[in-house]
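Understanding the architecture of this molecule
As a plain string of letters, each chain reads:
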Amino acid sequence: MSSFSISQIASALAAQAVGAVDLRVTGASEPASAGPDHLALAMDPKYGDGLTAGQAQAAILWDGADWQALGLKAAIFVPRPRYAMAGLTTLMDAGPQIAAGVHPTAVVDPSAQIDEGAAIGPFVVIGADVRIGPKARIASHVSIDTGAQIGSQALLLQGAKIGARVVLGDRVILQPGACIGSDGFSFVTPEKSGVENVRATLGDQQDAAKQSWTRIHSLGSVHIGDDVEVGANAAIDRGTIRNTTIGRGTKLDNLVHIGHNVQVGEDCLLCGQVGIAGSSTIGNRVVMGGQCGVNDNIFVGDDVIAGGATKIFTNAPAGRVLLGYPAMKMDAHVEAYKGLRRLPRLFRDVAALKKAVSNSDQSD
Amino acid sequence: MSSFSISQIASALAAQAVGAVDLRVTGASEPASAGPDHLALAMDPKYGDGLTAGQAQAAILWDGADWQALGLKAAIFVPRPRYAMAGLTTLMDAGPQIAAGVHPTAVVDPSAQIDEGAAIGPFVVIGADVRIGPKARIASHVSIDTGAQIGSQALLLQGAKIGARVVLGDRVILQPGACIGSDGFSFVTPEKSGVENVRATLGDQQDAAKQSWTRIHSLGSVHIGDDVEVGANAAIDRGTIRNTTIGRGTKLDNLVHIGHNVQVGEDCLLCGQVGIAGSSTIGNRVVMGGQCGVNDNIFVGDDVIAGGATKIFTNAPAGRVLLGYPAMKMDAHVEAYKGLRRLPRLFRDVAALKKAVSNSDQSD
Amino acid sequence: MSSFSISQIASALAAQAVGAVDLRVTGASEPASAGPDHLALAMDPKYGDGLTAGQAQAAILWDGADWQALGLKAAIFVPRPRYAMAGLTTLMDAGPQIAAGVHPTAVVDPSAQIDEGAAIGPFVVIGADVRIGPKARIASHVSIDTGAQIGSQALLLQGAKIGARVVLGDRVILQPGACIGSDGFSFVTPEKSGVENVRATLGDQQDAAKQSWTRIHSLGSVHIGDDVEVGANAAIDRGTIRNTTIGRGTKLDNLVHIGHNVQVGEDCLLCGQVGIAGSSTIGNRVVMGGQCGVNDNIFVGDDVIAGGATKIFTNAPAGRVLLGYPAMKMDAHVEAYKGLRRLPRLFRDVAALKKAVSNSDQSD
C-alpha cells in the first residue's frame, strides 16, 4: 500500500503544513472513522468532535483550528477546502490498473496505430485505421470502430463504445458503458406529419396522413475536446452531416443524452440524466442540474445556470439563471410557485370578493 | 472511397438533376464547409452565401434557385428537403463494417441456427436454440440468450443485450448497449403496502406495516416488430406473463425505458429518455418528446403527440396534443403557464381589490 | 420442459387447491390465451369470460369463484393475488442458464478467489483479489475490478460492470449493463464559481470568474446490501471518501442514477430513471415513482412516497407523500394544479371584478 508524508501532501496542495510533517498516511477519511494511518478531512469546525472520536494523528483543518488542542501530531491548512479535495484525491487515487501493452485477447485490426505506451485490456476490439495516442488506457470490453482517434492519456473504462470516425481529445475520460457515436434519432415522413403541424400551430395536428417513418442516416461523427469526461451509460449521437461536438473541459454525468448535431461549448457541467435534443447549441461554462432537458434546435447562451430538472424550451440568453418546467428565471420561478401553493386560498378570496361585489351591486 | 454521380443521387431521391449530371461527389456537406468533391446541402435560400463561401460544384437546392448564378456545375431539386435527406443519407452511409461469417472468437451454442449470410463480430455470445436470420449483422460484444430469434437484415450494434426468448423482427436496429429483455420491476409485500393505500386514497399511506419486497419474476419475454429501432443504452423489460411488445415501425431513442407488459403500437416515435411504466398501452403513431413519462396501467390513444417532458398520469384519448406536468392539452397548458408567470401580479391585484372592497364596505 | 402439479403450486403459494390436484401444467397464461397445459391466472371476476374463451383446465381464481361451473378440472384460491404472483413466478422461472464453473474464455486473475459452486460465463473479466461467493452466477461480458466482493447466490447479468473494491451482498441481482462504482461527478473551480453564488443567493451568479473544472477523484467505493436489485443500464457512483451505500432489500429499476456519497436505506423502491444527486440520504422503505429526482445534500425520511416525476429539492420528513415539481404534499399538489388549470378563468374573474369595483368607485 502506498503512503504519503504530510509535507508531500501539503506540497501537492500548495498548502501549509505544521507539526510532524514527516508523518506518513495511507489514505484519507472522515474524522470520526479515521484510523491512525489516515489523514482526517476536517475542513469545518463541525468536524471537531469527530476528530476526537477518531484515531487520526494528522488532518486537513479549517482555518484557525488549534491542531495541538485537537490532539493531532500534524496538520495542513488550506484556503479553499473543496479545491484542496481535488489535489488530495488526485494524489491518492491509484486509478484503474490496466497492464501496459495489448492484452492477448484483444482483437486489433492490423491497420490500427497504437502508441507503444498505451494499455489495452482484455476483450477490447479495435477496428481498421484507428489511432490510439500515448499512455491511453483502455479497459476491458471497449470497442473502437473504424477510423476513430483516441487522444493521449485518454482513459476509456469498461465497455465504453466508440463509433466510427469519432475523435476523442487528450485526457478524455469515458466512464463504463458510455456510448459515443450512436446514430442520430432522425426520421421523416413522406408527407407533412402531425408533429410538423403541431409545431407550426402550437397544438393542432390538422389532418396529417397516417404514415411510417423513414430513417435519416448519420454521416457525421462526434468530436470531443481535450479534458472532457463522459459519465456511465451516457450516450452521444453522431451528427447527420456535420459532427456533434463537445468542447474542451466539459463534463457530462451518468446517463446524459446528447442528440445529433448538438454543439456543447467548453467547461460546461451537465449533471446526471440531462438530455439535449438534436441540433441545439450550448454555450461555454453552462451548468445544468440533474434531469434538465433542452429542446431541439435552440441555443443556450454562455454561463447559463439551470437548476435541477429545468426544461428549456426556447433560446436562453447568456448568463441567465433558470429553474422550472417550462424554464423561468430562477427568482420568477420561486415567486410563481409560492403563488401556486397559495392558489386554493386565492380562489376562495376571489369567490368571496365576487359575492361581496355582487351583494354590493344588489344593495346599490 | 466510394463516389456517386449527380444523376445517380437524383435517381435515388426520385428528384430532378440539372447541369453536369455525370459529375461525381464523395460525400455531403453543409455549403460553407464543402470541398470540391462534396455535394452541398442548400435546401433553403439562407444557404446561398454559404454556397459562395464553400467549394462545392454541385448542390441540392431550394425550389427556384438559380444554380448557374450560384456558380454550380450541377444541381438537384427536391420537393420535400427533409425527406430527401433520408434518401441521400441512406445512399451514402457505408454502415458498420462487420465481416461476413462468424468471427473466430464468438461463442456460439451448437444448437443455434445462424443463416449463412449473417455477420457475427468478435466476442459475441449466442445461446442455445437461438435463430439468426439472413443478412443479420451483429457487432462485437453482443449477447443473445437462449431461444431468442433475430430477424433478417437486423443490425445489432456493440454490446447490445438480448434476453431469452426475445423476438426481433426483420430490419430491427439496436444501437450500442441497448438491453432487450431485462426482468420487469415488479415487487409485492405480503400485506397491503403504503403505496397501495396512497393509490387508493390519493395521498394517505394509512398504517401500512413495515415490510420487505418480494420479487415477481418475469416469465414473459419481449416481441419487437419489423423495422423497429432502439436507441443506445435503452432498456425494455420482459413481461410478467404475456410479452412486452413494440409494434412495427416504432422508433425508440437513447436511454428510453419501457416497463414490463407495456404494449407500444406501430409507427411511434419515443424520443430520448422517455419512460413508460409497467402495463401501460401506447397506441399507433404516438409521438413523445424527450423525457416524457407515462404512468403505469394507463393507455395513450392513437396519434397522441406529447411535447418534451410531458408527464402523462391518466388515460389520454386518441389524437390529443399534450404538454406539461401533469399533462394538459397543449393550448390549455400554454394559457395556464402564462397565468402562472403572472401570478405574483394577480395576488397583488386581489389584495388591492380586497382592500378596495373592504374600504367600500366600511364607507357604505 | 418442466411441469408442475396443481398441488405442488398450491403448496408453494401456501394456498388451497381443489379438484384434480395431480393435473400438471407447463406454464402460466392470461385466461383467454391459455392452452390446455397452462395454468390460467384469473384472480378477478373480470377474467371469467377469458376462462371460457381459453383452453385452461386449471386456474388460480378469485375468492368465491365456482370453479366447476367455469369448466375447470382444478383450481387454486389465494388470499392476496398479487403476492401469489411472487410465489408462482419464482417457482416457474428457470432463470438464466449459466454453466457451472469458469468458462474457458473468462480472464481471471490468479489472486481472485472464486467459490467452486459459482458459475462464470464467457468473456468475463475478474481482477486481482476479487472474491466471489458460493453459487454466484455471472453472465457473459461482466467485468469485476480489483478487490471487489460478490456475495453468495448473487446474479450478475450480461455486461454488468463492477468497479474496484465494490461490495455486493448475498442474492444481489444486477440486470444487464448495470454499472456499480463509476467515478463520482465532482468538480471544483480554483475560485468561487457562479453556481456557488447562485446557491447562496438563490438566483444571482454575481461576477464569478471564468474558470475550468478540476476533478475530485473518488477514493471511496460502493457497498450494496443483501437482496438488492439494480436495473438495466443503471449507474451507481463511488463515494469521494466514504462509500456510497444501498441498504438491504432495496430495489432500483432501469436507468436509475445514484450519485456519489449517497446513502439509500433498506427496502426502498426507486422506479425507472430516478436520479439521486450526490451526498443525499434516503431513508428506509422510501418509494419513488419513475423519473423522480432528488437534489444533492438533502435527506428524504423513512417511508416517504413520491409519485411519478416528483422533484424533491428540500429535505422531506418521514412519512410524507409527495408529488410535483417542485415537490408538494400530494393532496396540496392536486389542489394547486386544479387551480392552475382554472387560472385563465380566475384572471378573467379578477379583471371583471376590477372593472366592477372601479365602476362602483366612480359611481360613488
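One can find the structure itself at the top, above this paragraph.
Residues numbered from 1 in each chain as written. Chains lettered and ligands numbered in written order. Predicted model: local features only at pLDDT ≥ 70, side-chain atom pairs only at ≥ 80, totals over all residues. Heavy atoms only, no water.

1. Quick word on the overall build of chain A
Counting secondary structure elements, chain A contains six helices and 40 strands. Taken against the 2.2 N^0.38 rule, which gives 21 Å for 364 residues, the C-alpha radius of gyration of chain A at 28 Å runs more than 25% over that of a compact globule. Overall size of chain A, expressed as C-alpha extent along the three principal axes, is 90 × 70 × 30 Å. Burial status across chain A gives 60% buried among its 364 residues. Contacts spanning at least 24 positions in sequence make up 19% of the contacts within chain A whose residues lie at least 6 apart. Of the roughly 13,700 Å² of accessible surface on chain A, 49% is carried by carbon and sulfur atoms. (Helix = DSSP H or I, 4+ residues; strand = E, 2+ residues; numbered from the N terminus. Rg over C-alpha atoms; globule rule 2.2 N^0.38 Å. Buried < 20%, exposed > 50% of the residue type's maximum accessible area, 1.4 Å probe, protein only. Contact = heavy atoms within 4.5 Å. Areas by Shrake-Rupley, 256 points an atom, 1.4 Å probe, with all protein chains shown as cover.)

2. Thoughts on the interface of chain A and chain B
Facing the 74 residues of chain A at the interface are 71 residues of chain B. Note on chain A versus chain B: buried area summed over both sides is about 5,800 Å², and carbon and sulfur give 65% of it. In terms of surface lost to chain B, no three residues of chain A exceed Phe185, Trp213 and Tyr325 of chain A, which account for 13% of the buried area on that side. For the pair chain A and chain B, the number of links is four salt bridges. The partner of Arg215 of chain A in a salt bridge is Glu229 of chain B, and the shortest N-O contact between them spans 2.7 Å. Linking chain A with chain B are 33 residue pairs in polar contact (both at pLDDT 80 or more), by the criterion used here. Put simply, the parts of the chain that give the side of chain A that touches chain B at least two residues each are β21 (179-182), β22 (187-188), α4 (194-201), β23 (214-215), β26 (235-237), α5 (330-341) and α6 (343-363) of chain A. The biggest single contributor to the side of chain A that touches chain B is α6 of chain A, with seven residues. (Buried area = accessible area lost by both parts, 1.4 Å probe. Salt bridge = Lys/Arg side-chain N within 4 Å of Asp/Glu carboxyl O. Polar contact = N/O pair within 3.5 Å; in protein donor to acceptor, adjacent residues only side chain to side chain.)

3. Topic: the relation of the copies chain C and chain A
Superposition of chain C onto chain A requires a rotation of 120° combined with a translation of 0.0 Å along the rotation axis, giving an RMSD of 0.0 Å. Both copies of the chain, as the preceding transformation shows, are related through a three-fold rotation axis. For chain C, the residue whose C-alpha comes nearest the rotation axis is Asn233 of chain C, separated from it by 3.7 Å. (Least-squares fit on C-alpha atoms with pLDDT ≥ 70 in both.)

4. Thoughts on the interface of chain C and chain A
Of the residues lining the interface, 74 residues belong to chain C; the matching set on chain A comes to 71 residues. Carbon and sulfur atoms supply 65% of the area buried between chain C and chain A, which totals about 5,800 Å² over both sides. Between chain C and chain A we count four salt bridges in total. When the shortest N-O distance is used, the salt bridge between Lys354 of chain A and Asp349 of chain C registers 3.0 Å. Of all the elements in the fold, those that place two or more residues in the side of chain C that touches chain A are β21 (179-182), β22 (187-188), α4 (194-201), β23 (214-215), β26 (235-237), α5 (330-341) and α6 (343-363) of chain C. At seven residues, α6 of chain C tops the list of elements feeding residues into the side of chain C that touches chain A. Of the residues that constitute the side of chain C that touches chain A, the class distribution is 37 nonpolar, 23 polar and 14 charged. (Nonpolar A, V, L, I, M, F, W, Y, C, P; charged D, E, K, R; others polar.)

5. Focus: α4 of chain A
Residues of α4 of chain A that are buried include every one of Gly194, Val195, Asn197 and Val198 of chain A, and no others. Along the axis of α4 of chain A, the buried residues cluster in a sector spanning 160°; they form a single face. For α4 of chain A, exposure combined with an orientation more than 90 degrees from the buried face picks out Arg199 and Ala200 of chain A. As for α4 of chain A, its buried residues are in contact with β34 (287-288), β37 (305-306), β39 (321-323) and α5 (330-341) of chain B. Two residues or fewer after α4 of chain A comes Leu202 of chain A, characterised by a positive phi angle close to 55°. (Arc of directions from axis to C-beta.)

6. Remarks on the side chain of Lys161 of chain B
With respect to the helices and strands, Lys161 of chain B occurs in strand β18 (residues 161-162). An unpaired buried charge is present at Lys161 of chain B: no salt bridge exists, and Asp145 of chain B, the closest side chain of opposite charge, is 12 Å distant. Beyond its immediate chain neighbours, meaning those up to four positions away, Lys161 of chain B contacts Ser143, Gly177, Ala178, Cys179 and Ile180 of chain B together with Gln158, Gly159, Pro176 and Gly177 of chain C. (Lys, Arg positive; Asp, Glu negative; His and termini not counted.)

7. So, the environment of Leu168 of chain B
Residues and elements named next belong to chain B. Here Leu168 lies in strand β19 (residues 167-168). Take Leu168: its relative accessible area is 2%, and that puts it in the buried class. Residues Leu168 and Ala148 lie 20 residues apart in sequence; the distance between their C-alpha atoms is 8.1 Å. Apart from residues no more than four positions distant in its own chain, Leu168 is found in contact with Gln149, Ile150, Gly151, Leu156, Ile162, Leu174, Ile180 and Ile224.

8. Structural notes on the pairing of strand β21 (residues 179-182) of chain B
All names here are of chain B. Pairing of β18 with β21 involves two bridges; the strand directions are parallel. Bridge pairing in β21 links Lys161 to Cys179. Across three bridges, the pairing between β21 and strand β26 (residues 235-237) is parallel. Note on β26: the bridge partner recorded for Cys179 is Ala235. (Pairing = 2+ DSSP bridges.)

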